[in-house]
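So the chains spell out like this:
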Amino acid sequence: MNRRTTISVLAGLCLAVSAAPVPAGATARMSGTAQVNAHAALAGPPGTPPGACLTGAGSGSPLPSSSLTATKIRSGFTFLEGPVWVADGGYLLFSDMAGGTGPYNVQPSTIRRFTPPSTFDTFIANSGSNGVALSADGQQLVAATHDQRNVSAYRLSDRSRSTVAANYQGRAFNSPNDVAVRSDGVTYFTDPNFQRGNRPDQMYGRTSVFRVVNGQVSLVDDQLRQPNGISLSPDGSTLYVGAYSENKIYKYAVQPDGSTGARSVFVNYIGGPDGGTIDCAGNVYWTSGADSLVHVYSPTGTQLGTIRPGFSGTTNVAFGGPDRQTLYITSGPWGDSGLYSVRLNIPGYPY
């Protein structure tokens, strides 16, 4: 977007491609331009960005066992959220939020970078971000930014910031929390009030899910209590949203134009659902604030197992690594939040 302020730029720069339902077979590893070129353009609603999920990416159990323990990479951060893997650079970005400051008690945030195996540095200071995702062309970081109560895009090459969604019908959002981007640039985000601080409520007490198409913001649903994590299925046909204060994960059918149908319950109880992600077989990975686990579900909602990164404060997940079979997890208590990882059987969606 580089100084242009609408999400339509994302659509203009990306390829509208989608991933087919994954047949049974061996896991396919993804690396480099050859794999991206091998990604077939298929009919139907666009889903993953090029190279994210390849035909034949695998099926069967995504977990080596039904109960896994993730490995700590590093702790000592304040409060981690929103990991996303940047394949071109071979690194992971994530938000690190601090305690609220100033007259409005707004939480500062920094985007940090992890370059395997052990290098950490600051990528964007004062980012104001919570959940993040990549733009469809992979050149920008689309971020739910509570500092300005909007959705922003940061160009990876120079860190310049632009606006994706400024407001809804002239009213400021509460505090955008998490974001999902379809391969044609259609963007979905959640808007609870967790980071609104002392700023005025312009949403009349409602916490909502929104959609952005060609710079236009539309309401998806304003009846959820504290919508939090948000993810798209690999074929782009299903939108998942965790309602934190309802202990439910909902799903919506997504049409080719990005519009959504009525919501239905995907998982009826998960204690304080936070961030989530999807693998290339459509399995759903969702973090729980109540038990600090990552719960893994089949596309039909059957629980397949759990992953434990720690014992408190598990907030979000993202697939990464050269083959996208490493699940990165942000977890830990306030003031000692950490980054964890675990190897899985099936590659995953990039955020």
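The following refers to the structure shown. For every chain, the first residue of its written sequence is number 1, and the numbers climb from 1 along that sequence. Where totals are concerned, whole chains, interfaces and linings use all residues; where local detail is concerned, this predicted model gives features only for residues with pLDDT of at least 70, and gives and counts side-chain atom pairs only at 80 or more. As a convention, hydrogens and water are excluded, and side-chain values are obtained from all of the structure's heavy atoms.

## Remarks on the overall build of the protein chain
And step 1. Helix numbers and strand numbers start at the N terminus; a helix is a DSSP run of H or I with at least 4 residues, a strand a run of E with at least 2. What the protein chain contains, in helices and strands, is 2 helices and 25 strands.
And step 2. Buried, partly exposed and exposed residues are distinguished by accessible area as a fraction of the type maximum, computed with a 1.4 Å probe on protein chains only: under 20%, between the cut-offs, and over 50%, respectively. When burial is assessed residue by residue, the protein chain has 58% of its 351 residues classed as buried.
And step 3. A separation threshold of at least 6 residues defines the contact pool for the protein chain, and within that pool the share at least 24 residues apart is 53%.
And step 4. In this description, accessible areas are obtained by the Shrake-Rupley approach with a 1.4 Å probe, and a residue is regarded as covered only by the protein chains that are shown. Counting only carbon and sulfur atoms, one obtains 48% of the accessible surface of the protein chain, whose full area is about 12,600 Å². Whether two residues are in contact is decided by their heavy atoms, any of which lying within 4.5 Å being enough.

## What to know about the pattern of salt bridges
And step 1. The rule for a salt bridge is simple: a side-chain nitrogen of Lys or Arg has to be within 4 Å of a carboxyl oxygen of Asp or Glu. The tally for this structure, following the rule as stated, stands at 8 salt bridges.
And step 2. The partner of Arg112 in a salt bridge is Asp96, and the shortest N-O contact between them spans 2.8 Å. Taken as a pair, Arg112 in strand β5 (residues 109-115) and Asp96 in strand β4 (residues 91-97) lie far apart in primary sequence, 16 residues in all.
And step 3. Classification of Arg112 by relative accessible area gives partly exposed; the value is 23%.
And step 4. When its relative accessible area of 6% is taken as the criterion, Asp96 is described as buried.
And step 5. Across the salt bridge formed by Asp121 and Arg113, the nearest N and O atoms sit 2.8 Å from each other.

## Observations regarding unusual backbone geometry
In terms of backbone geometry, most residues other than glycine have negative phi values and most peptide bonds are trans.
And step 1. Residue Pro117 is bonded to the preceding Pro116 through a cis peptide linkage, with omega at 10 degrees.
And step 2. Tracing the backbone shows Pro117 in the loop between β5 and β6 (119-124).
And step 3. Positive phi values are uncommon outside glycine, yet Tyr204 reaches one of about 55 degrees.
And step 4. Structurally, the position occupied by Tyr204 is in the loop between β12 (187-191) and β13 (207-213).
And step 5. The class for Tyr204 is exposed, based on a relative accessible area of 65%.
And step 6. A positive phi angle, close to 60 degrees, is found at Gln226, a residue other than glycine.
And step 7. Position of Gln226 among the secondary structure elements: in the loop between β14 (216-224) and β15 (227-232).

## A word on the sheet that holds β6
And step 1. At least two DSSP bridges between two strands are required for those strands to pair. Strand order in this open sheet of 4 strands is β3-β4-β5-β6, and the pairing throughout is antiparallel. Strands at the two margins of the open sheet, each flanked by one partner only, are β3 (80-86) and β6. Each adjacent strand pair in this sheet contributes to an overall mean axis angle of 30 degrees, direction not counted.
And step 2. Bridge count between β5 and β6: 5 bridges; the pairing is antiparallel. Here the axes come from fitting lines to C-alpha atoms, over the contacting stretch only for helices, and the angles between their N-to-C directions go from 0 to 180 degrees.

## Looking at the environment of Tyr168
And step 1. Along the polypeptide, Tyr168 turns up in the loop between β10 (161-165) and β11 (179-181).
And step 2. The exposure class assigned to Tyr168 is buried, which follows from its relative accessible area of 13%.
And step 3. Looking at Tyr168, its side chain comes within polar contact range of the side chain of Gln169, at 3.3 Å. Nitrogen and oxygen atoms within 3.5 Å of one another constitute a polar contact, given that in protein one can donate a hydrogen and the other can accept it, and given that sequence-neighbouring residues count only through two side-chain atoms.

## Details of the layout of surface pockets
Sizing a probe to match a water molecule and rolling it over the atoms shows the empty space that remains.
And step 1. Space inside and on the surface of the protein is sampled on a 1 Å grid over the protein atoms alone, with a cavity defined as a set of points where a 1.4 Å probe fits but cannot get out and a pocket as an open set with protein on both sides within 12 Å along at least 5 of 7 lines; lining residues have an atom within 4 Å of a point. Grid points are joined across faces, edges and corners, and a volume is the space filled by probe spheres set on the points. Estimated volume of the second largest pocket: approximately 210 Å³.
And step 2. Lining the second largest pocket are 14 residues; nearest its centre among them are Phe79, Asn228, Tyr244, Asp274 and Thr315.
And step 3. Class assignment for the residues of the lining of the second largest pocket results in 4 nonpolar, 8 polar and 2 charged. Three categories are distinguished: nonpolar for Ala, Val, Leu, Ile, Met, Phe, Trp, Tyr, Cys and Pro, charged for Asp, Glu, Lys and Arg, and polar for the others, with Gly belonging to the last.

## Some points on the sheet that holds strand β23 (residues 316-320)
And step 1. One open sheet holds the 4 strands; their spatial order is β2-β25-β24-β23, and the pairing between them is antiparallel. Here the strands that pair on one side only, and so sit at the sheet edges, are β2 (71-77) and β23. Geometrically, the sheet is characterised by an average inter-axis angle of 20 degrees between neighbouring strands, direction not taken into account.

## Regarding the nonpolar core
And step 1. Nine residue types can take part in a nonpolar core, namely buried Ala, Val, Leu, Ile, Met, Phe, Trp, Tyr and Cys, and a core is a set of them joined through side-chain atoms within 4.5 Å. Grouped together as the largest cluster of nonpolar side chains are 24 residues, with contacts concentrated most on Tyr188, Leu239 and Ile249.
And step 2. Going through the elements one at a time, β14, β15, β16 (238-243), β17 (248-254), β18 (260-267) and β20 (284-288) are the ones with two or more residues in this core.
And step 3. Sequence-distant contacts of Ile249, defined by excluding residues within four places in its chain, comprise Tyr240, Val241, Gly242, Ser264, Val265, Phe266, Val267, Ile270, Pro273, Trp286 and Tyr297.
And step 4. Judged by nonpolar contacts, the second largest core, of 15 residues, contains Val142, Ala165, Phe189 and Phe210.

## Overview of the pairing of β12
And step 1. Across the 5 residues of β12, 5 count as buried, placing the element largely inside the fold.
And step 2. Here β11 runs beside β12; their pairing, made up of 3 bridges, is antiparallel. Each bridged residue has a counterpart across the sheet, and for Val181 the counterpart in β12 is Thr187.
And step 3. Connecting β11 to the antiparallel partner β12 that follows it, the hairpin turn spans 5 residues, and Gly185 within it adopts a positive phi of roughly 95 degrees.
And step 4. Examined bridge by bridge, β12 and β13 share 5 bridges and lie antiparallel to one another. Bridging from a neighbouring strand, Thr187 pairs with Val212 of β13.

That's the geometry; what it means functionally is another story.
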